Amino acid sequence: AALLRLETMKVDQFREGAYAGYETRLSVQPDEEMTQVGPGTPSGDYLRCFWHPVYLANKLGDLPVAVKILGEELVFFRDRSKTLGLVHKHCPHRLASLEYGKCEEHGIRCCYHGWHFDTDGTLLDAPGQTEHLNKRLKDRIKLGAYPVIEFKGLIFSYMGSIKEIPEFPIFDSMEFENMEMVPYQAPFYCNWLQVLDAILDPLHTSFLHSNIGRVQFSENFGEVGQMDFFERAVWLMGVNTRRVGENVWLRVNELVLPNFTQAGSAFATDGTERYLYGRSSFTRWVVPEDDENTLVLAWANFGDRGDPQEWNTPEGPELIEQGEVFDRTYEERQRSPGDVEATESMGRI
């Protein structure tokens, strides 16, 4: 038989009440009214009342592209007449995916049985049917389709009832003179509200976007300033105000409901010189792909009074949006986290 000798180490330093890991459990119940975006949900129906950018125009070539927007599986295409189409992914005949369809002079043709649909969803032809049956099918069958508009390199769509389609909005900040607008997109692998609420959070700029995480602003911008919020019917703004010597600096973030956002210049100066507002650094929309994935589509704005032109590179817009470039190592992300690390680390939803 073997004899075991037991010795102990005192653990008095771990006092009761200070280490509550066993007892502490964070709430993980999502607010479904706010976070769900599919058809028939409160937020989903609300978002469908507006125009949203849904794709970059320069990414759409001669082949259809499968996308997911507001929880719906869709297909983008540009037919041979250069007309844009956004339609339901599955052909109503046998549900084959139209991402494998053929772009015709007008519309798209299903790869399986050749059913031919126009960009508005009208059935133009159902090959192999009698003339009488073909006519009946054209009168009865529609492919789900949504209106699309191309504007300054972004493709916008309205996904609500066609009876209530609103005018396409053009804000004054989209029309400044001598401003170069570079379209870009940035994926976030989390719910859209986690991305959206940061725009109105002026406190996080003093930490996440200061020298505490990465020298994106000057050292003075790492201080916690005066926090102010302004609210109107469909417009909200958060302001972080700091004094640097003789100058007063205002970092302004803006939201027009439901998901149109703007932020002030991201790479201004060290705060010691007088610097007037010229334009936002980016003009963007936070668009849900589904409940757990989000796509930011935007313009990075450049000009004499805005972020400097040297950021107008393939990496430049990503720097402004994310606080960092994409495809960084885990260690780089730990040492210098940006918006994507903060929002995604909360969980998918």
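Here's what I pulled together on the structure shown here.

**Description of the overall build of the protein chain**
The secondary structure content of the protein chain amounts to seven helices and 18 strands. Taking 2.2 N^0.38 as the reference for a compact globule, 349 residues should give roughly 20 Å; the C-alpha atoms of the protein chain span a radius of gyration of 26 Å, well beyond that estimate. Once the C-alpha set of the protein chain is aligned to its principal axes, its extents read approximately 90 × 80 × 40 Å. The buried share of the protein chain, reckoned over its 349 residues, is 46%. Total accessible area on the protein chain is roughly 19,700 Å²; 53% of this is exposed by carbon and sulfur atoms. Within the protein chain, the 54 negative side-chain charges are centred at a point lying 5 Å from the centre of the 34 positive side-chain charges.

**Quick look at the side chain of Ser157**
The residue Ser157 is located in strand 11 (residues 154-158) in this model. The class for Ser157 is buried, based on a relative accessible area of 1%. Within the structure, the side chain of Ser157 is placed 3.0 Å from the backbone oxygen of Pro147, a separation counted as a polar contact. Look past the residues within four positions of Ser157 in its chain and what remains in contact with it is Phe50, Trp51, His52, Val54, Leu86, Tyr146, Pro147 and Val148.

**Considerations on the sheet that holds strand 15 (residues 247-256)**
Pairing is antiparallel in the open sheet, where seven strands are placed in the order 12-18-17-16-15-14-13. For this open sheet the edge positions go to strand 12 (180-188) and strand 13 (226-231), each flanked by a neighbour on one side alone. Within the sheet, the average angular offset between the axes of one strand and its neighbour, ignoring direction, is 20 degrees. Where strand 14 (residues 235-244) meets strand 15, ten bridges bridge the pair, whose relative direction is antiparallel. Opposite Arg243, over in strand 15, you have Val248 as the bridge partner.

**Here's the deal with the packing of aromatic side chains**
Applying the stated criterion across every chain, the model contains 13 aromatic pairs. Taking the centre distance of 4.9 Å and the plane angle of 85 degrees together, the rings of Phe156 and Phe168 count as edge-to-face. Pair noted here: Phe156 is in strand 11 and Phe168 is in the loop between strand 11 and strand 12, with a separation of twelve residues, a long-range link. In terms of burial, Phe156 and Phe168 fall into one category: buried. An angle of 85 degrees between the planes, with centres 5.2 Å apart, marks the rings of Phe156 and Trp285 as edge-to-face. Placement of the pair is Phe156 in strand 11 and Trp285 in strand 17 (residues 282-290), with a sequence separation of 129 residues. The pair formed by Phe156 and Trp285 is uniform in burial state, with each residue classed as buried.

**Some thoughts on the sheet that holds strand 9 (residues 145-146)**
By way of backbone hydrogen bonds, the strands of a sheet pair with one another, either parallel or antiparallel. Spatially, the four strands line up as an open sheet ordered 2-3-4-9, and their pairing is antiparallel. Each of the sheet's edge strands pairs with one partner strand only, and the pair in question is strand 2 (65-69) and strand 9. By the bridge criterion, five bridges tie strand 2 to strand 3 (residues 72-78) in an arrangement that is antiparallel. Its bridge partner lying in strand 3, Val65 is registered against Phe76.

**Regarding the pairing of strand 1 (residues 51-56)**
When you tally the buried positions in strand 1, you get six out of six residues, the bulk of the element. With five bridges connecting them, strand 1 and strand 11 associate as antiparallel partners. Within the sheet, the bridge partner assigned to Trp51 lies in strand 11 and is Tyr158.

Conventions and cut-offs
- Residue positions are counted from 1 within each chain, in the order its sequence is given.
- Predicted model: local features are reported for residues with pLDDT of at least 70 only, side-chain atom pairs are reported and counted for 80 or more only, and whole-chain, interface and lining totals are derived from all residues.
- The basis for every side-chain value is the complete set of non-hydrogen atoms in the structure, without hydrogens or water.
- The helix count covers DSSP runs of H or I at least four residues long, the strand count covers runs of E at least two residues long, and both are numbered beginning at the N terminus.
- Radius of gyration here is computed from C-alpha atoms only, and the compact-globule reference equals 2.2 Å multiplied by the residue count raised to the power 0.38.
- To sort residues, take the accessible area from a 1.4 Å probe on protein chains only and compare it with the maximum for the residue type: under 20% means buried, over 50% means exposed, and anything in between is partly exposed.
- Per-residue and other accessible areas were derived by the Shrake-Rupley procedure at a 1.4 Å probe size, with only the shown protein chains allowed to occlude residues.
- In summary, the charge assignment counts Lys and Arg as positive and Asp and Glu as negative, without counting His or the chain termini.
- All charge positions are set by atom: Lys at NZ, Arg at CZ, Asp at CG, Glu at CD.
- As used in this structure description, the phrase polar contact means that two N or O atoms lie within 3.5 Å; if the pair is within protein, one of them must be able to donate a hydrogen and the other to accept it, and residues adjacent in sequence are counted only when both atoms belong to side chains.
- The contact definition used throughout considers only heavy atoms, calling two residues in contact when any of these lie within 4.5 Å.
- We call two strands paired when DSSP finds no fewer than two bridges between them.
- Angles run from 0 to 180 degrees between N-to-C directions of axes, and those axes are lines fitted to C-alpha atoms, restricted for helices to the stretch in contact.
- Think of it this way: a Phe, Tyr or Trp ring, Trp meaning its six-membered ring, pairs with another when their centres are within 6.5 Å, and the plane angle makes it stacked under 30 degrees, edge-to-face over 60, tilted otherwise.

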